[in-house]
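For reference, the chains in residue letters:
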Amino acid sequence: QVESTHLYPGVFLLKKMSPTGQGSFLASLPPVSVTVDNWQAMWTAISQHPGTTVAVKNPLWGSMLTTNSMKDIFTQFEQLVVAFGQVDDPPGCANTPAPVCTATIVNSGVMNSVKGVHAYQDTLYVEVNAHPPVISATRKGIKWIPYGF
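## Regarding the overall build of the chain
At step 1: Summing up its helical and strand segments, the chain has five helices and nine strands in all.
At step 2: Mapped from its N terminus to its C terminus, the chain presents α and β elements in the order β-β-α-β-α-β-α-α-β-β-α-β-β-β.
At step 3: Taking the principal axes of its C-alpha atoms as reference, the chain extends roughly 55 × 35 × 25 Å.
At step 4: Here the chain holds 149 residues, and 32% of them are scored as buried.
At step 5: For the chain, contacts bridging at least 24 residues in sequence account for 59% of all contacts bridging at least 6.
At step 6: Element-wise, carbon and sulfur atoms account for 60% of the exposed surface of the chain, whose accessible area totals about 8,900 Å².
At step 7: Counting 8 positive and 8 negative side-chain charges, the chain places the centres of these two groups 12 Å from one another.

Pasting the structure below:
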């Protein structure tokens, strides 16, 4: 049984039901600033409430965890998992075994606004970024396996 799903830039997680309940994850989210009942109102609220959580709840939609609801959620948040590119520093280093390299994602508009999307049975919680994030990975170490498997 699925308890919740969680969507972050480039990551999708599914949490199975726990015998001890939902735990403290919901309590760890920023406070809910507003609850809305449709996608248009959600996007408006996201733009108006940085650094908070926007809740989406519509009893007519049924469970947020059904196949149709998950398709709708993925349609709304497609750009959360699809970056607009990557920039390497120094240029081109990501395709080499160079020990000094930082790869930074070029954020989509949704990545700039949304930190995470959390679907529970009857409510969708959208964590809104206070500021656009920098998503990067800096290579560390001195020995690397060559590319070109």
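Next comes the rest of the write-up.
## Some details on the state of the cysteines
At step 1: Applying the stated criterion to the full structure yields one disulfide.
At step 2: In this model, Cys93 is linked to Cys101 through a disulfide, with the two sulfur atoms separated by 2.0 Å. Across the disulfide from Cys93 to Cys101, rotation about the S-S bond amounts to roughly 70°, and the bridge is consequently right-handed. Assigned by exposure class, Cys93 and Cys101 land together as buried.

## Quick word on empty space enclosed by the protein
At step 1: A complete count under the given rule lists one cavity of 30 Å³ or more for this structure.
At step 2: In this structure, the largest cavity encloses a volume near 30 Å³.
At step 3: Lining the largest cavity are Thr5, Leu7, Phe12, Met70, Ile73, Phe74, Val117 and Ala119.
At step 4: Of all the secondary-structure elements, those providing two or more residues to the lining of the largest cavity are strand 1 (2-8), helix 3 (67-76) and strand 7 (114-119).
At step 5: Of all the elements, helix 3 adds the most residues to the lining of the largest cavity, at three residues.
At step 6: Of the residues in the lining of the largest cavity, the class split is seven nonpolar, one polar and no charged.

## Focus on the sheet that holds strand 1
At step 1: One open sheet holds the six strands; their spatial order is 2-1-7-8-4-3, and the pairing between them is mixed. Because the sheet does not close on itself, it has two edges, and the strands there are strand 2 (11-16) and strand 3 (32-36). On average, each strand axis in the sheet is tilted by 15° relative to the strand beside it, whichever way the strands run.
At step 2: Bridge count between strand 1 and strand 2: six bridges; the pairing is antiparallel. Bridge pairing in strand 2 places Thr5 opposite Leu14.
At step 3: Helix 3 rests against strand 1, strand 2, strand 7 and strand 8 (124-128) of the sheet, and its axis sits at about 175° to strand 7.

## A short note on the side chain of Ser69
At step 1: Summarising the element assignment, Ser69 is placed in helix 3.
At step 2: Note on Ser69: relative accessible area 8%, which makes it buried.
At step 3: For Ser69, the residues in contact, after removing those within four places along its chain, are Trp61, Ser63 and Met64.

## Looking at the packing of aromatic side chains
Two aromatic rings, taken as a pair, are described by how far apart their centres are and by the angle between their planes.
At step 1: Inspection of the entire model under this criterion finds four aromatic pairs.
At step 2: Pairing Phe12 with Phe74 gives two aromatic rings, centres 5.1 Å apart and planes at 55°, and the pair type is tilted. Of the two residues, Phe12 sits in strand 2 while Phe74 sits in helix 3, which places them 62 residues apart along the sequence.
At step 3: With a centroid separation of 5.0 Å and 25° between ring planes, the pair formed by Trp39 and Trp61 is classed as stacked.

Conventions used here
For every chain, the first residue of its written sequence is number 1, and the numbers climb from 1 along that sequence. In keeping with the model being predicted, local features are shown solely for residues with a pLDDT of at least 70 and side-chain atom pairs are shown and tallied solely at 80 or more, while totals for entire chains, interfaces and linings include all residues. As a convention, hydrogens and water are excluded, and side-chain values are obtained from all of the structure's heavy atoms. Counting from the N terminus, the helices are DSSP H or I runs at least four residues long and the strands are E runs at least two residues long. Relative accessible area decides the class of each residue, using a 1.4 Å probe on protein chains only: under 20% of the type maximum gives buried, over 50% gives exposed, and in between gives partly exposed. In this analysis, two residues are considered to be in contact whenever any of their non-hydrogen atoms come within 4.5 Å of each other. Values of accessible area rely on a 1.4 Å probe in the Shrake-Rupley scheme; residue burial ignores everything except the protein chains shown. Neither His nor the chain ends is counted toward charge; the positive residues are Lys and Arg and the negative residues Asp and Glu. Charge positions come from single atoms, namely NZ of Lys, CZ of Arg, CG of Asp or CD of Glu. The rule for a disulfide is simple: a pair of cysteine sulfur atoms within 2.5 Å. Here the term cavity refers to a set of points on a 1 Å grid, laid over the protein atoms alone, in which a 1.4 Å probe fits but cannot get out; the term pocket refers to an open set having protein on both sides within 12 Å along at least five of seven lines, with lining residues being those that place an atom within 4 Å of a point. Grid points are joined across faces, edges and corners, and a volume is the space filled by probe spheres set on the points. Note that Gly is not counted as nonpolar here; it falls among the polar residues with everything else outside the nonpolar set of Ala, Val, Leu, Ile, Met, Phe, Trp, Tyr, Cys and Pro and the charged set of Asp, Glu, Lys and Arg. DSSP-based pairing: two strands are paired if at least 2 bridges between them are found. An axis is simply a line fitted to the C-alpha atoms; with a helix, the fit covers only the stretch in contact. Between two such axes, the angle follows the N-to-C directions and lies from 0 to 180 degrees. The pairing test for Phe, Tyr and Trp rings, Trp by its six-membered ring, is centres within 6.5 Å, and the orientation test on the planes gives stacked under 30 degrees, edge-to-face over 60, and tilted for anything in between.

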